Amino acid sequence: MSVPELGLVEFSNPEQLPDDAPLAVLGPGIGTSVSNLYGRVASQLGQEMRVVGWDLPGHGVSGPAQEFTVAELAQGVLDAVAGHVSAGPFHYVGTSIGGAVGQQLLAEHSDRLASLTLIATTDYFPDPAGWHERADLVAQAGLRPR
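Owing to the predicted nature of the structure, the values given are computational and were not obtained by experimental measurement.

## Topic: the overall build of the protein chain
Phase 1: Secondary structure summary: the protein chain contains 4 helices and 5 strands in total.
Phase 2: The N-to-C order of helical and strand elements in the protein chain reads β-β-α-β-α-β-α-β-α.
Phase 3: Since a compact globule built from 146 residues should have a radius of gyration of about 15 Å, the 15 Å found for the protein chain is in line with a globular shape.
Phase 4: Expressed as lengths along the three principal axes of its C-alpha atoms, the size of the protein chain is roughly 45 × 35 × 25 Å.
Phase 5: A total of 146 residues make up the protein chain; the buried ones form 39% of that total.

Next comes the structure, spelled out in structure tokens:
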């Protein structure tokens, strides 16, 4: 396993924001893209703060699916944010596995978080077979906007 390279979606127009505008990073769940999950609210938030979101490998703007741990995924988020936006603290919002990433960031990189919002998540994923089954379903059915 290795740190995944994640694609980011920009929901704000940085040129229209002050240089010191706060940054929010959005993390989705398996089976959806950050644009499908957060698009409407992110566009609204993006009028007042810099807002970016990441997609899981095999989803949205990220590369092909691969195996990774939550810790590796959290490192991928940090790498993507630092490489494309900022190395400073940010507000993090995560749903499902995106929330598990937020918990990992809090545990291992709390200095990078200005705040943490967790939505429909857990700190324990008991059986990887269920996640493999869900990932296979997403691979077969694809991601369709609603």
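## Focus on helix H2 (residues 70-84)
Phase 1: The first and last C-alpha atoms of H2 sit 21 Å apart over 15 residues, in line with the 21 Å expected at 1.5 Å per residue.
Phase 2: Of the positions making up H2, those classed as buried are Glu72, Leu73, Ala74, Gly76, Val77, Leu78, Ala80 and Val81.

## Examining the nonpolar core
Phase 1: In terms of nonpolar packing, the biggest core is built from 20 residues, with Val25, Trp54, Val77, Phe90, Tyr92, Val101 and Leu105 touching the most fellow members.
Phase 2: Going through the elements one at a time, strand E2 (23-27), strand E3 (50-54), H2, strand E4 (90-95) and helix H3 (97-109) are the ones with two or more residues in this core.
Phase 3: Here this core takes 6 residues from H2, the largest share from any one element.
Phase 4: Ignoring sequence-local partners within four residues, the contact set of Val25 consists of Val52, Trp54, Val77, Val81, Phe90, His91, Tyr92 and Val93.
Phase 5: Counting 10 residues, the second largest nonpolar core, distinct from the first, contains Leu26, Ala42, Val51 and Val93.

Thresholds applied
Here the residue index of a chain counts from 1 through its sequence in written order. Since the coordinates come from a predicted model, pLDDT governs what is reported: local features require at least 70, and pairs of side-chain atoms require 80 or more to be given and counted, while whole-chain, interface and lining totals use all residues. Working from all heavy atoms in the structure, the side-chain values ignore hydrogens and water. Numbering of helices and strands runs from the N terminus; a helix is a DSSP stretch of H or I covering at least four residues, while a strand is a stretch of E covering at least two. Both definitions apply: the radius of gyration is a C-alpha atom measure, and the globule rule equals 2.2 Å times residues to the power 0.38. Throughout, exposure labels follow a simple rule: accessible area from a 1.4 Å probe, protein chains only, divided by the maximum for the residue type, with under 20% read as buried, over 50% as exposed, and the rest as partly exposed. By this rule, a helix spans an expected 1.5 Å times one less than how many residues it contains. Nonpolar cores were defined as sets of buried Ala, Val, Leu, Ile, Met, Phe, Trp, Tyr and Cys residues, with membership established by side-chain atoms within 4.5 Å. Throughout, a residue-residue contact means that at least one pair of heavy atoms, one from each residue, lies within 4.5 Å.

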